[in-house]
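What the coordinates show
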Amino acid sequence: MTKTHLGHRARKRFGQNFLHDEFVINDIVDAINPQPGQALIEIGPGLAALTEPVVERSQHLTVVELDRDLADRLEQHPFLASKLNVFRGDALKTDFRQFYQGQPLRVFGNLPYNISTPIIFHLLEHLEVIGDMHFMLQKEVVERLAAEPNSKAYGRISVAIQQACAVEPVLMVPPGAFIPPPKVESAVVRLTPYTESPYPVHSRSDLQKVCLMAFNMRRKTIRNNLKQLCTDEQLEQLGIDPNARPETLSVADYCRLANWYTEQQQAHE
């Protein structure tokens, strides 16, 4: 199969950087390990750098593509057209439950850097139908997803993702693997949703709300950042030091806080 760029020019507004390095592509596809019969969904297939080798192994694939030209090309592709279900739409507005037919979805993609975090947050709302996710992201985003407490990279995204998924950085990808080469390093991460989270929460949106407030000013103490939410005594009852800084609290601490907050809201209803 020839790897042409199909005469398509990368569009800045879609954050398009196209993968072209064969070795890197093979490593990514090996990490995904697609099999026939699986419900594979690719977000933003672009010029089909991952699409072609995944389809070779799986024989069928659903792709979510916003760019009309690229969607047209995929639907007319001499090798791929018959093996693809091309869903035209914005991944951020797509209900992924519609692709579920009894097989857990295996979602993957080289995500546009400008919307990668919102897409991951959007997918957290569909976890009951997702088996795993493999994404190419900016290296620093992968570091944030996997970060431990007491590190610079640790923040609300780390907490939200680690509550819901096991996070595993899989491989590093140099800028030269793309056309045009981005100014940043990239990495591939595997996110596997927990069937039962080690950190159960009543409400993920309450967890996000608490984390937004807590990490709003990283240099301030938890007491300061959460003063509209709870008192020192309430923090201490939850086993949290009011003088602690936000990045020193564990995922479990934030989940306890979020559950307490949800219960308070319900008590006042």
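Owing to the predicted nature of the structure, the values given are computational and were not obtained by experimental measurement.

Thresholds applied
- Residues numbered from 1 in each chain as written.
- Predicted model: local features only at pLDDT ≥ 70, side-chain atom pairs only at ≥ 80, totals over all residues.
- Heavy atoms only, no water.
- UniProt positions renumbered as here; feature names shortened; annotations may be inferred.
- Helix = DSSP H or I, 4+ residues; strand = E, 2+ residues; numbered from the N terminus.
- 1 Å grid on protein atoms, 1.4 Å probe; cavity = no way out; pocket = protein on both sides within 12 Å on 5 of 7 lines; lining within 4 Å.
- Points joined across faces, edges and corners; volume = space filled by probe spheres on them.
- Buried < 20%, exposed > 50% of the residue type's maximum accessible area, 1.4 Å probe, protein only.
- Pairing = 2+ DSSP bridges.
- Right-handed = clockwise from strand over helix to strand, strands pointing away.
- Domains from an automatic or database assignment.
- Contact = heavy atoms within 4.5 Å.
- Buried area = accessible area lost by both parts, 1.4 Å probe.
- Salt bridge = Lys/Arg side-chain N within 4 Å of Asp/Glu carboxyl O.
- Polar contact = N/O pair within 3.5 Å; in protein donor to acceptor, adjacent residues only side chain to side chain.
- Axes fitted to C-alpha atoms, helices over the stretch in contact; angles between N-to-C directions.

1. Quick notes on the UniProt feature "domain: Ribosomal RNA adenine methylase transferase N-terminal" (unreviewed entry) in the protein chain
Taken from the UniProt record, the annotation "domain: Ribosomal RNA adenine methylase transferase N-terminal" (unreviewed entry) applies to residues 24-195. End C-alpha to end C-alpha, residues 24-195 measures 31 Å, and it is 30% helix and 28% strand.

2. Describing empty space enclosed by the protein
For the structure on display, the rule yields 1 cavity of 30 Å³ or more. One number sums up the size of the largest cavity: a volume of about 30 Å³. Taken together, Ile28, Leu50, Gly109, His134, Phe135, Met136 and Val188 make up the lining of the largest cavity. Looking at the lining of the largest cavity, the element that brings in the most residues is strand β6 (residues 130-138), giving 3 residues.

3. As for the pairing of β6
Among the 9 residues of β6, 8 are classified as buried, and the element is accordingly described as predominantly covered. Pairing between strand β5 (residues 105-110) and β6: 6 bridges, direction parallel. If you follow asparagine 110 over to β6, its bridge partner there is methionine 136. Chirality of the crossover, the property in question, places the unit of β5, helix α4 (residues 116-124) and β6 among those that are right-handed. The pairing of β6 with strand β9 (residues 186-193) spans 6 bridges and is classified as antiparallel. Across the sheet, the residue bridging to glutamine 138 is serine 186, located in β9.

4. Here we look at the domain arrangement of the protein chain
You can read the domains of the protein chain as domain 1 (2-191) and domain 2 (202-265). A straight line from the C-alpha centre of domain 1 to that of domain 2 covers 32 Å. On the side of domain 2, 15 residues touch domain 1, which itself brings 15 residues to the contact. Buried area between domain 1 and domain 2, both sides added, is near 1200 Å², and the carbon and sulfur share of it is 63%. Where domain 1 packs against domain 2, one counts 0 salt bridges. At the junction of domain 1 with domain 2, the criterion picks out 6 residue pairs in polar contact (both at pLDDT 80 or more).

5. Here we look at the sheet that holds strand β2 (residues 39-43)
With mixed pairing, the 7 strands of this open sheet are ordered in space as β4-β3-β2-β5-β6-β9-β7. Pairing within the sheet leaves two strands with one partner each, and these edge strands are β4 (84-88) and β7 (165-173). Put simply, the sheet's adjacent strands are angled 20 degrees from each other on average, direction ignored. With respect to the sheet, helix α3 (residues 68-75) is in contact with β3 (61-65) and β4, its orientation differing from that of β4 by roughly 160 degrees. Sitting on the sheet, α4 is in contact with β2, β5, β6, β7 and β9, with an inclination near 170 degrees to β6.

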